[in-house]
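A look at the structure
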Amino acid sequence: MLEAKHVATALAHTGRDLSGTGAPLLQQYIAKMGVMFDRDILIVDRHGVVMADTNGAAVGSTYTNPDIEMTMLDGTARVFIGPDPSEPRATSKQVVVPLQDNPSEHGSPTVGAIVLEYSGLYDALMQEAKRSSYVTGFVAAVMVLLGCTVAIRTTRSIVWPLEELQTAVTAIAAENYGRRVNLQTKNELGRLGTAFNKMAEDLGRGRAALIDHVADLAQANVLLEDGMKRQKEDADRIQYLAYHDNLTSLPNRAMFGVALSQSLNYGKRYEGRFAVFFIDLDRFKQVNDTLGHEAGDLLLKEVALRLRQTLRASDTVARLGGDEFVVLMPDLKDDTHAETVARKILGAISRPFSVPGQELRVTCSVGISRFPNDGTDEQTLMKNADIAMYQAKESGKNGSAFYSAERNVNSFERLALESSLRRAVERDELLLHYQPKKDFHSGETAGMEVLLRWQHPDLGMVAPTQFIPVAEETGLIVPIGKWVLRTACRQTMAWKTAGLDGLVVAVNLSPRQFSDENFLEDVLAILSETGMDPRLLELEITESMIMHDVERGRVLLHTLKDMGIRIAIDDFGTGYSSLATLKQFPIDTLKIDRSFIRDLETDAEDRGLTEAIISMAKTLRLHLVAEGVETVGQSDFLRTRGCDELQGFLFSKPVPAAEFESFVKIRRTMLGHTISALALQNA
Ligand code: C2E
Ligand code: MG
Ligand code: MG
C-alpha cells in the first residue's frame, strides 16, 4: 500500500505539473504510465470529473466515492476498495492521493486527486512478502536445526557424560559396584569415565573382599559362639549330671552331701536343729524281679515325684541309688515335727502306683537321725539314719523309727553291713576270684572254684565269711548267688572259646539259694542265657543243705544231675551225715574240709580220718578233692592215698580272672615242655 502511495504521490506531482500543460498531454502521460506500471490510473478534479485515465475511456465521466471526497477535503492519501475505473463492475484495491496546488507549501489547497488501482501491485507485493517469509522460515528452521545440533552435540559431549557419571556415582553410593560408565568420548570427561570405571572396579573388588572377610569373621564368630555355647551346655550338663540322679532328676548323693554340710555349718553356728530321713522301699527287689527293671524304674520315678510333692521346697529330697531316698529337713522344732513328716512320707508312698498293666502297692521304711543328738557330722548322721531305717524295717516295715543309741554295737555294725551290702550289687562292688584245682594224676589244672569277693569302698576287701551269713539272713544271697552263677558261667564259656577248655567250674550254693523255689528255673535260665555246657558246671552244696529236707534235696539233685550238672559236697567231714546216707543222692565229688588237711602232718587222728574218707569215697566211686592244701607234705600224703584233686595255697590262692587265665596258660605250656622232655629222655 505504501508503494502504491509513493507511485500515486509521484504521479500526483507530475500530474499536477502536467495538468497545466493541457488535458491531452496529461491523458498521454497517464496512458504511458498505465502501460509502464500495468495499472489503472486516473486523475479527477475536485469534483470527481475524470481528467485523464489509463485508456482514456473514462475521461469526462465522474468518478467519486466517500474516500476520494474525504481526500479532497483533508488532503490525506488513503486506500479504499471501489469500482474499477476501467471496469466499473469489478472492484479493486485503490489508493487516492491528493493533488495540491503547491505541494511544497504546507496547507496548499487540494485541486484534484490521482486514483491508482494497485491490486496487481498488492498481489505482487504479497507474493514477494510470502516468498520472503518462506525464506525467513527456512532460515529460521535451519537456524533452529543448527541450534539443536549444537545443543545435541553439547548435550552429548558434556551434559550426558556428566549425568551418566552422576547416576553411576549414585549407584556406587548405593553399593552397586557393578555399575560402569560408557562415555564414548575421548576428552577429559572420557578419561574421567575410565578412571571412574577403574575406581568402581577397585571399590567392587575391595568391597567383595571386605564382604568375604566379614562373612568369614561372622562364620568364625558363629563357630566361636557355638563352641562357647556348647562348652557352656556341656559344663552345665556335666555339673547337672554330677549333682543329679539320672533316673529321677532328684539331687544325688553328692548334692545331698553339699546340702547336709551347709546345714551342719548353719546348725553349729546358730545352734539349729535339723533331721535326716533315710527312706527305703520295702520289697522293691520283688517289684524289679517280677515286673522287670522298666517297671521298677517307673516306680522309682513316681516315688521321687510323690516325695517332692509331699515335702516342702525348703526340704532337700535326694536319691542315693536303688530304692533309697534321703530327705534333709532343716529347722527341726521337735521330734513330733519329724514324726509328722515321716507319716506324710509313708502316706504318700502307700497310695497305689500304677505301672503299665497293673496297680502296684508298695510301702517304705523311714529312719530318722537328728542333729545334734544323733550325730554332728555328715557320716554319722547318714549312718544313723540308715540304721534307724533298718530298725523300722525290723519292727515290721511300713513305718518310721528315730535312731536309738541304746541298740548294741554289734547290731549297728551288722545293720550297717547289711545296708551297704544291699548297695554292693547295684554298685558293682562284688567280684569273683578263681582258685585253680590240680589234677593229681595228670598234674594239669582240672578246674577252679569260684569265690565271691566284696571290694568295699571304705572297708576294702571284705571276706565272704563276714558278709555271706548276712546276705544269707537277709535273703540277699539269692540275687547275689544268681549273679555269681551267671558271671562264672559266662567267664568259663569265654575261656572255653579262648582255648582254655576242659575246665570244670565249681560254684558254691547257699542254703537259702538251695531252698529258693525258683532255684531250678534260675539255673536253667542262666545255662541257656550263657550257653554254658552243664557238664563243666559243678555245684557245691553242704551236707546240711540236703539233710534239711531230704526229699526235696533228692528231687532237686536228681534234676540237676539229669541236666548234666555235677554235684559236690563241700566241707565234707564237718557235718554229721554218714557216707551211707549221702549215697542216696546223686553226688559226683567229695571235698574234704580243710580242717582235716591242716594238721595232717602232725595229727595222726586227722590222718586216719582222711584216709578213711578217701577209701570210702573210692568205694562209692566219688571224685575226691582235698581243700586247703598248703604244704608239699600234705600234698604227698593225699596223692599217695589216692586223692584225685588238690585245692589250696600250695597250688594257687584264689586269684582274679585275668591272673587265673595266665596261670592256666603258663602251666599248660610248662607241662607240655616237661612231657616232651621226658619223651625225649625215654626215647
Ligand atoms: P569254701 O567253699 O570252703 O571255700 C574255700 C575257702 O578256703 C575259701 O575261702 C578259700 O580262699 C579258702 N582256701 C582255699 N585254699 C586255702 C588254703 O590253702 N589255706 C587256707 N587257709 N584257706 C584256703 P573264702 O574264699 O574265704 O571263702 C570262704 C567261704 O565262703 C567258702 O568256703 C564258701 O563257703 C563261702 N563262699 C565263697 N564264695 C561263695 C559264693 O559265691 N557263694 C556262697 N554261697 N558261698 C561262698
Ligand atoms: Mg566251696
Ligand atoms: Mg569248702
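The structure we're discussing is the one just above.
These remarks concern the structure in this document.

Quick notes on the rules
Residues numbered from 1 in each chain as written. Chains lettered and ligands numbered in written order. Predicted model: local features only at pLDDT ≥ 70, side-chain atom pairs only at ≥ 80, totals over all residues. Heavy atoms only, no water. Helix = DSSP H or I, 4+ residues; strand = E, 2+ residues; numbered from the N terminus. Buried < 20%, exposed > 50% of the residue type's maximum accessible area, 1.4 Å probe, protein only. Areas by Shrake-Rupley, 256 points an atom, 1.4 Å probe, with all protein chains shown as cover. Donors = N, O, S within 2.8 Å, 3.2 Å for Na, K, Ca; no water. Pairing = 2+ DSSP bridges. Axes fitted to C-alpha atoms, helices over the stretch in contact; angles between N-to-C directions. Contact = heavy atoms within 4.5 Å.

**What to know about the overall build of the protein chain**
When helices and strands are counted, the protein chain shows 22 helices and 22 strands. Considering the protein chain as a whole, with its 683 residues, one finds that 42% of them fall into the buried category. For the protein chain, the exposed area adds up to about 36,400 Å²; of that, 55% sits on carbon and sulfur atoms.

**Some remarks on the coordination of the magnesium ion (ligand 2)**
Around the magnesium ion (ligand 2), the protein contributes the donor atoms E449 (OE), N508 (OD1), E540 (OE) and D570 (OD), which lie 2.1 to 2.3 Å from the metal centre. Considered as a linear motif, the donors of the magnesium ion (ligand 2) on their single chain read E-x58-N-x31-E-x29-D. Between the two metal centres, the magnesium ion (ligand 2) and the magnesium ion (ligand 3), the spacing is 3.7 Å, with D570 acting as a shared donor. Placement of the pair is E449 in strand β14 (residues 445-456) and D570 in strand β18 (residues 566-572), with a sequence separation of 121 residues. Of the two residues, E449 and D570, neither departs from the other in class, the shared state being buried.

**What to know about the coordination of the magnesium ion (ligand 3)**
Around the magnesium ion (ligand 3), the protein contributes the donor atoms D570 (OD), D571 (OD), E627 (OE) and E627 (OE), at 2.0 to 2.6 Å from the metal centre. Each donor residue of the magnesium ion (ligand 3) belongs to the same chain, and together they define the spacing D-D-x55-E.

**Quick word on the sheet that holds strand β8 (residues 324-329)**
Pairing is mixed across the open sheet formed by five strands, whose spatial order is β7-β8-β6-β11-β12. Of all strands in the sheet, those bounded by a partner on one side alone are β7 (316-321) and β12 (400-402). Each neighbouring strand pair of the sheet contributes to a mean axis angle of 20°, computed without reference to strand direction. Here strand β6 (residues 274-282) pairs with strand β11 (residues 363-371) via nine bridges, running antiparallel. When the sheet's bridge partners are listed, V276 is paired in β11 with S369. Across the sheet, helix α6 (residues 253-270) touches β6, β7, β8 and β11, and the angle it forms with β8 is around 25°. Those strands touched by helix α9 (residues 335-350) are β6, β8, β11 and β12, and its axis lies near 160° from that of β11.

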